[in-house]
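Each chain, letter by letter, is given below.
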Protein chains: 2
Amino acid sequence: MTEAAGDARGQTRARIEQAALDLFTLQGFEQVTIDDVALAAGISRRTFFRYFATKADAVWGDFAAHVARLGRLLEATDGAQPVLAGICAAYVEVNDYADEDLPLLRERMRLILTEPALLAHSELRYAEVDRVVAEHVARLTATAPDALLPRLVATTTRAAATTAFEVWLADGRTTLTERLMEGFSQLAAGFPGLGGGSPAVPPVGRPSAGARRHR
Amino acid sequence: MTEAAGDARGQTRARIEQAALDLFTLQGFEQVTIDDVALAAGISRRTFFRYFATKADAVWGDFAAHVARLGRLLEATDGAQPVLAGICAAYVEVNDYADEDLPLLRERMRLILTEPALLAHSELRYAEVDRVVAEHVARLTATAPDALLPRLVATTTRAAATTAFEVWLADGRTTLTERLMEGFSQLAAGFPGLGGGSPAVPPVGRPSAGARRHR
DNA sequence: CTTGCCGGTGGCACCCGGTGTCACTAGCGT
DNA sequence: ACGCTAGTGACACCGGGTGCCACCGGCAAG
């Protein structure tokens, strides 16, 4: 693996990725076959799978790098601020795209959120994110990463982030950063304006035995 | 569609479902082919797809009925209690299984949460749930169902519910209901114990321009 | 220059999930 | 006996994904 070879690989990988993205946005994810992408990228079908494990992976780019960056940002978070604020800041920074990259991001996200096959695949990617965030929370709170609280924080913050993404994408009159922070602040405050202050739901006298009528 | 015919359909459907579940838990989702399931259920491969649109659907049972029931519960929620409390109660009641149904539920959920293909498929199912909850919140708050707040509430509550499911499934020393209510109370309180009271993150002076260095 | 190794590639066969089509059968009313 | 209908099975087909092998280029050693 010489440097030149690595560069060549990176270039063809980029070519495949761009060809795939173009075709997908133009004709729809399902309509485009991998033969189409391979033809457009000037490679063979077999080679496509040497660069991307699945058809969906061609849309996600090097998502693993994003997750790794998020993880590094979280590790570098100082313990002064609240935990949720730190996670919010990390999410914001990871998604702080330069203006010229926004069109590409929009295409990617539109595909991921619109095409059912890609939406399904996304759950697998989000699981990686959740793991990183849960480990971060577990570190700060001295609990196990697979306990309820860390995982709860991880999945709900990620849900908030992706929802912010969706809304931003839909009407696009606001900044992604603004939407993210808006979502996080709502979440951190326990959704004020819905009634029920901080200690609202907590104990609740259990639904007793109640006729278990399910199924 | 006479009554007898409908019954017959229901019976074979149940047979297929059980055969699929048994084989999946025994050998793993990916390892079992649809021919295997068809053979075990005493039908043909083609007939399998007349009962279930996809391989994954055989695991989910009649999930649409669950979603519909959740929707009805939400509609019947009285406006007295806080919104999150109502959603919590609806989730709890939908998932209030009789003891004799718990083993089956565990098998189902273990598969869904463990097998990557099923985990991916789950995102498509959860989208239906989110839609119902978002419409409920939109109704109560007199906002659009596709606005940020309703969707935020829908996705985060659902994330909390599924996480409660996962943790319940993992250690199983507590009730599913308990886990659900624990998760919801944490969420509704904005995760106390992480620092940052209710009005903690909200305004935050924006990350300024900050070198946008992404990509 | 020849030999052998090695990474990237293409071609091929194969598996499997999913779909469209057609022919067959059973039940049922006329 | 006739036709209708619902359910079924068999078959062909498409497309994503994998394993395998053969080829070709560069490159170091002889």
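One structure accompanies this document, and this report is about it. Given the structure is predicted, the values throughout are model-derived calculations rather than measurements.

Conventions and cut-offs
Residue positions are given per chain, counted from 1 along the sequence in the order it is written. In the order they appear in the text, chains get letters beginning with A and ligands get numbers beginning with 1. Confidence filtering applies because this is a predicted model: local features only for residues at pLDDT of at least 70, side-chain atom pairs given and counted only at 80 or more, and all residues used for totals across whole chains, interfaces and linings. The side-chain numbers reported here are obtained from all heavy atoms of the structure, hydrogens and water having been left aside. Lines fitted to the C-alpha atoms define the axes, with helices restricted to the stretch that makes contact. Angles between their N-to-C directions range from 0 to 180 degrees. Numbered from the N terminus, helices here are DSSP runs of H or I no shorter than four residues, and strands are runs of E no shorter than two. Note on angle classes: values under 35 degrees are labelled roughly parallel, values over 145 roughly antiparallel, values of 65 to 115 roughly perpendicular, and the remainder oblique. Should the near helix be turned counterclockwise from the far one by less than a right angle, the crossing is left-handed, whereas a clockwise turn marks it as right-handed. Residue contacts are counted whenever heavy atoms from the two residues lie within 4.5 Å of one another. Each residue is assigned to one of three groups, with Ala, Val, Leu, Ile, Met, Phe, Trp, Tyr, Cys and Pro labelled nonpolar, Asp, Glu, Lys and Arg labelled charged, and all others, Gly among them, labelled polar. Think of it in three bands: residues with accessible area under 20% of the maximum for their type are buried, residues over 50% are exposed, and the middle band is partly exposed, with areas taken using a 1.4 Å probe on protein chains only. Stacked, tilted and edge-to-face are the three classes assigned to paired rings of Phe, Tyr and Trp, where Trp is represented by its six-membered ring and a pair needs centres within 6.5 Å; plane angles under 30 degrees give stacked, over 60 edge-to-face, the rest tilted. We count a charge as sitting over a ring when the NZ of a lysine or the CZ of an arginine lies within 6 Å of the ring centre and within 35 degrees of the ring normal. The span one expects for a helix is its residue count, reduced by one, times 1.5 Å. Here a residue is considered near a molecule or strand provided that any single heavy atom belonging to it is located within 4 Å of it. In protein, a polar contact means a hydrogen-donor-capable atom and an acceptor-capable atom, both N or O and within 3.5 Å, with residues adjacent in sequence counting only if both atoms are side-chain atoms; elsewhere, any N or O pair within 3.5 Å suffices.

**Thoughts on the packing of helix H6 (residues 83–94) of chain A against helix H9 (residues 148–171) of chain A**
Residue and element names in this part refer to chain A.
Piece 1. Two elements in contact, H6 and H9, have axes separated by 11 Å at closest approach and are oriented at 45°. Relative to H9, the element H6 lies oblique. The element H6 and its partner H9 pack so that their crossing is right-handed. Note on element contacts: H9 touches H6 through Val153, Thr157, Arg158 and Ala161, opposite Leu84, Ile87 and Tyr91.
Piece 2. Of the residues belonging to the contact of H6 with H9, the class tally is 5 nonpolar, 1 polar and 1 charged.

**Digging into the side chain of Arg125(B)**
Residue and element names in this part refer to chain B.
Piece 1. Its place among the elements puts Arg125 in helix H8 (residues 116–141).
Piece 2. The buried category is assigned to Arg125, whose relative accessible area is 14%.
Piece 3. Other than its neighbours up to four places away in sequence, Arg125 contacts Asp57, Trp60 and Phe63.

**Description of the packing of aromatic side chains**
A ring pair, where both rings are aromatic, is described by two values, the distance of the centres and the angle of the planes.
Residue and element names in this part refer to chain A.
Piece 1. As enumerated under the stated definition, the model contains 14 aromatic pairs over all chains in all.
Piece 2. Three or more aromatic residues joined by ring pairs form one cluster here, namely Phe48, Phe49 and Phe52.
Piece 3. It is Arg106 that lies over the ring of Trp168; its NZ or CZ is 4.4 Å from the centre.

**Let's talk about helix H10 (residues 176–188) of chain A**
An α-helical segment advances 3.6 residues per turn. Residues three or four places apart therefore align on the same side.
All names here are of chain A.
Piece 1. With 13 residues, H10 extends 18 Å from end C-alpha to end C-alpha; this agrees with the ideal 18 Å at 1.5 Å per step.
Piece 2. Among the 13 residues in H10, 10 count as buried, and that is most of the element.
Piece 3. Among the residues of H10, Leu176, Thr177, Arg179, Leu180, Met181, Gly183, Phe184, Ser185, Leu187 and Ala188 are the ones counted as buried.
Piece 4. Following H10 by one or two positions, Gly190 has its phi on the positive side, about 70°.

**A short note on the protein's contact with DNA strand D**
Piece 1. Lining the immediate surroundings of DNA strand D are 17 residues, of which Arg45(A), Arg46(A), Lys55(A), Thr47(B) and Arg50(B) lie closest.
Piece 2. Within 4 Å of the protein, the contacting atoms of DNA strand D are drawn from sugar and phosphate to the extent of 44%.
Piece 3. Val32(A) has a polar backbone atom sitting 3.5 Å from a phosphate oxygen of DNA strand D.
Piece 4. Within the side chain of Tyr51(B), one N or O atom sits 3.0 Å away from a phosphate oxygen of DNA strand D.
Piece 5. Broken down by secondary-structure element, the contributors of at least two residues to the surface near DNA strand D are helix H3 (45–51) of chain A together with helix H3 (45–51) of chain B.
Piece 6. For the surface near DNA strand D, a count of residues per class yields 6 nonpolar, 4 polar and 7 charged.

**Describing the side chain of Arg158(B)**
All names here are of chain B.
Piece 1. As for its placement among the helices and strands, Arg158 is situated in helix H9 (residues 148–171).
Piece 2. Of note is the side chain of Arg158, whose polar atom sits 2.7 Å from the side chain of Asp130.
Piece 3. The residues touching Arg158, leaving out its near neighbours within four places in the chain, are Tyr91, Tyr126, Val129 and Asp130.

**Details of the environment of Phe52(B)**
All names here are of chain B.
Piece 1. Looking at where Phe52 falls in the secondary structure, it is placed in the loop between H3 and helix H4 (57–60).
Piece 2. For Phe52, a relative accessible area of 2% translates into the label buried.
Piece 3. Measuring from C-alpha to C-alpha, the distance between Phe52 and Ile34 comes to 11 Å, with 18 residues separating the pair along the chain.
Piece 4. Dropping the residues within four chain positions of it, Phe52 is found in contact with Arg13, Ile16, Glu17, Asp57 and Ala58.

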